[in-house]
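# Secondary and tertiary structure notes
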Amino acid sequence: MKQIQLSSFGIENLKLVNAPDPGKPNKGEVLVRMRAASLNFRDNLVIAGKYNPKFPTPMVPCSDGAGEVIEVGDGVSEFQVGDRVLATFAPHWIADKATHQEMRYTLGGPLDGTLREYILFSETGLVKMPKHLSFEEGATLPCAALTAWSAFHIYSRLVAGEIVVIQGTGGVSLFGLQFAKLSGAKVILTSSSNEKIEKAKSLGADFCINYKETPDWGKEVRSLTEKTGADHIVEVGGAGTLEQSIAACRPFGVIHLIGILAGRSGELNLLPAVMNNIKIQGIVVGGRKAFQEMNRAIESGGLKPIVDKIFPMEETREALDYLKSGSHFGKIVISI
Ligand SMILES: NC(=O)c1ccc[n+]([C@@H]2O[C@H](COP(=O)([O-])OP(=O)(O)OC[C@H]3O[C@@H](n4cnc5c(N)ncnc54)[C@H](OP(=O)(O)O)[C@@H]3O)[C@@H](O)[C@H]2O)c1
């Protein structure tokens, strides 16, 4: 079978190779013909050896993927041949509260990832794909979508009528926008690009702020909310944006700390967070149960992920470079 292999860290060591087929499923296992994978910010870091230099190589990158069941082992009860399925980011993470071990054992490092034609999964490492989605759309869900979903529905509770600030227009952020609208929330979105702002408005963003033109956007959020502030902030910037997020947040609001695109450390004035009872909640993806709940909501809401561009497997490096450029809007997918 064909697979994308990283022989050692560095994008120059990423190659399309022939590898042995995985063989027949053992008890409790499911053999899947993969059809699409999607890229996350993390994948470039893993490939460069910057995410965790202790990850073993050679390895197959990418955590997210969709495919079709072609054979099941004895004892498999949830899946049958022909089912369209999605890989879970962490195959041993089932319930909402996981152990350290369950959260760290993830596809695309340290485990082999989804950029290959056939994969043997344990039954619990898969979920059924929402019926109305293509493989390319479904492949975007395991990491980015579940992270945004967990923020609003697992680690806090988003209520209709609340105000949500979304930073940026990448994978996690656009799912955040779509889930917030699905729940009846009002969305204020920040972006570096006026062109992307227009696209975000067409997806339902109620107000947008260009964070390059308005670096003090926290104040702007307060004036857009009659000085109250937002109930939820989807924080993908990290240390570089946290002060603005605190300024934008209402008393007793939540900052969902998901990414560190604008820095992992820095000098911060945290006093306003204390004085306003602001909760800063770290978020890592989510478990299988949350994934299934999210898929039900996606299906019943008819939500369609925003796919910016689909690349063939042969152009995986180009796809990763495109992700790195930051010019995308939503998700980048590789067809397998
Ligand atoms: N904790 C978790 O479980 C988890 C899961 C997934 C992702 N993440 C993290 O979340 C972050 C985003 O991931 P992703 O996959 O969505 O990345 P992505 O698709 O590459 O999106 C990045 C987008 O973030 C925006 N951005 C960059 N710097 C910003 C800043 N200073 N202020 C506001 N927006 C900024 C940009 O939007 P504009 O072009 O519109 O400016 C950019 O397009 C990464 O740090 C990633 O590691 C964490």
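Residues numbered from 1 in each chain as written. Predicted model: local features only at pLDDT ≥ 70, side-chain atom pairs only at ≥ 80, totals over all residues. Heavy atoms only, no water.

On to the pairing of strand S3 (residues 29–38). Buried residues dominate S3, accounting for 8 of its 10 residues. Taken together, the 5 bridges between S3 and strand S6 (residues 118–122) define a ladder with antiparallel strand orientation. What sits directly across from Arg33, in S6, is Tyr118. The pairing of S3 with strand S4 (residues 64–72) spans 8 bridges and is antiparallel. Opposite Val32, over in S4, you have Val69 as the bridge partner. Sheet topology note: the S3/strand S15 (residues 331–335) ladder contains 3 bridges and is antiparallel. Note on S15: the bridge partner recorded for Ser38 is Val333. (Buried < 20%, exposed > 50% of the residue type's maximum accessible area, 1.4 Å probe, protein only. Helix = DSSP H or I, 4+ residues; strand = E, 2+ residues; numbered from the N terminus. Pairing = 2+ DSSP bridges.)

What follows covers a nonpolar patch on the surface. On the surface, Phe41, Leu45, Tyr51 and Leu261 cluster together into a nonpolar patch covering about 400 Å² of accessible area. The residue Phe41 is located in helix H1 (residues 41–48) in this model. (Patch = residues over 30% accessible without salt bridge, like charges linked within 9 Å, V, L, I, M, F, W, Y side chains within 5 Å. Areas by Shrake-Rupley, 256 points an atom, 1.4 Å probe, with all protein chains shown as cover. Salt bridge = Lys/Arg side-chain N within 4 Å of Asp/Glu carboxyl O.)

Approximately 310 Å³ is the volume found for the second largest pocket. Taken together, 13 residues form the lining of the second largest pocket, with Lys128, Met129, Pro130, Lys131 and Glu299 sitting closest to its centre. Residue assignment for the lining of the second largest pocket shows that the elements contributing at least two residues are strand S7 (126–128) and helix H10 (288–301). Take the lining of the second largest pocket: its biggest share by element is 4 residues, from H10. For the lining of the second largest pocket, the per-class residue count stands at 4 nonpolar, 2 polar and 7 charged. (1 Å grid on protein atoms, 1.4 Å probe; cavity = no way out; pocket = protein on both sides within 12 Å on 5 of 7 lines; lining within 4 Å. Points joined across faces, edges and corners; volume = space filled by probe spheres on them. Nonpolar A, V, L, I, M, F, W, Y, C, P; charged D, E, K, R; others polar.)

Turning next to the UniProt feature "domain: Enoyl reductase (ER)" (unreviewed entry) in the protein. UniProt's feature table lists "domain: Enoyl reductase (ER)" (unreviewed entry) at residues 10–334, given in the numbering used throughout. When the span residues 10–334 is considered, its composition is 29% helix and 25% strand, and the gap between its end C-alpha atoms is 19 Å. (UniProt positions renumbered as here; feature names shortened; annotations may be inferred.)

Right, let's get into the side chain of Ser150. With respect to the secondary-structure elements, Ser150 resides in helix H4 (residues 141–153). Excluding anything up to four places from it in sequence, Ser150 contacts Tyr155, Ser156, Ile283, Val285 and Gly286. (Contact = heavy atoms within 4.5 Å.)

Next up on the list: the site of the ligand. As a matter of local geometry, the ligand sits amid 25 residues, with Thr169, Ser191, Ser192, Tyr211 and Ile283 nearest to it. Between an oxygen atom of the ligand and a side-chain N or O atom of Ser191, the distance comes to 2.6 Å. Take Ser192: an N or O atom from its side chain is 2.7 Å from an oxygen atom of the ligand. Summarising the interface, the protein chains cover 87% of the accessible area of the ligand, which totals 930 Å² for the free molecule. Counting residues per element, the ones that place at least two in the shell around the ligand are H4 and helix H5 (171–182). A breakdown of the residues in the shell around the ligand according to their chemical character gives 12 nonpolar, 12 polar and 1 charged. Counting only domains with at least three residues in the shell around the ligand, you end up with domain 1 (2–143 + 286–335) and domain 2 (156–282). (Near = heavy atom within 4 Å. Polar contact = N/O pair within 3.5 Å; in protein donor to acceptor, adjacent residues only side chain to side chain. Domains from an automatic or database assignment.)

On to the nonpolar core. Where a protein is soluble and globular, its nonpolar side chains tend to be buried together. Core analysis: the largest hydrophobic core is formed by 46 residues, its most contacted members being Leu141, Phe152, Val164, Phe175, Phe179 and Met294. Elements that contribute at least two residues to this core include exactly H4, strand S8 (163–167), H5, strand S9 (186–191) and H10. A total of 9 residues in this core trace back to one element, the largest contributor, which is H4. When neighbours within four sequence positions are excluded, Val164 is seen to be in contact with Phe152, Leu158, Ala180, Ala185, Lys186, Val187, Ile188, His232 and Val234. (Core = buried A, V, L, I, M, F, W, Y, C linked by side-chain atoms within 4.5 Å.)

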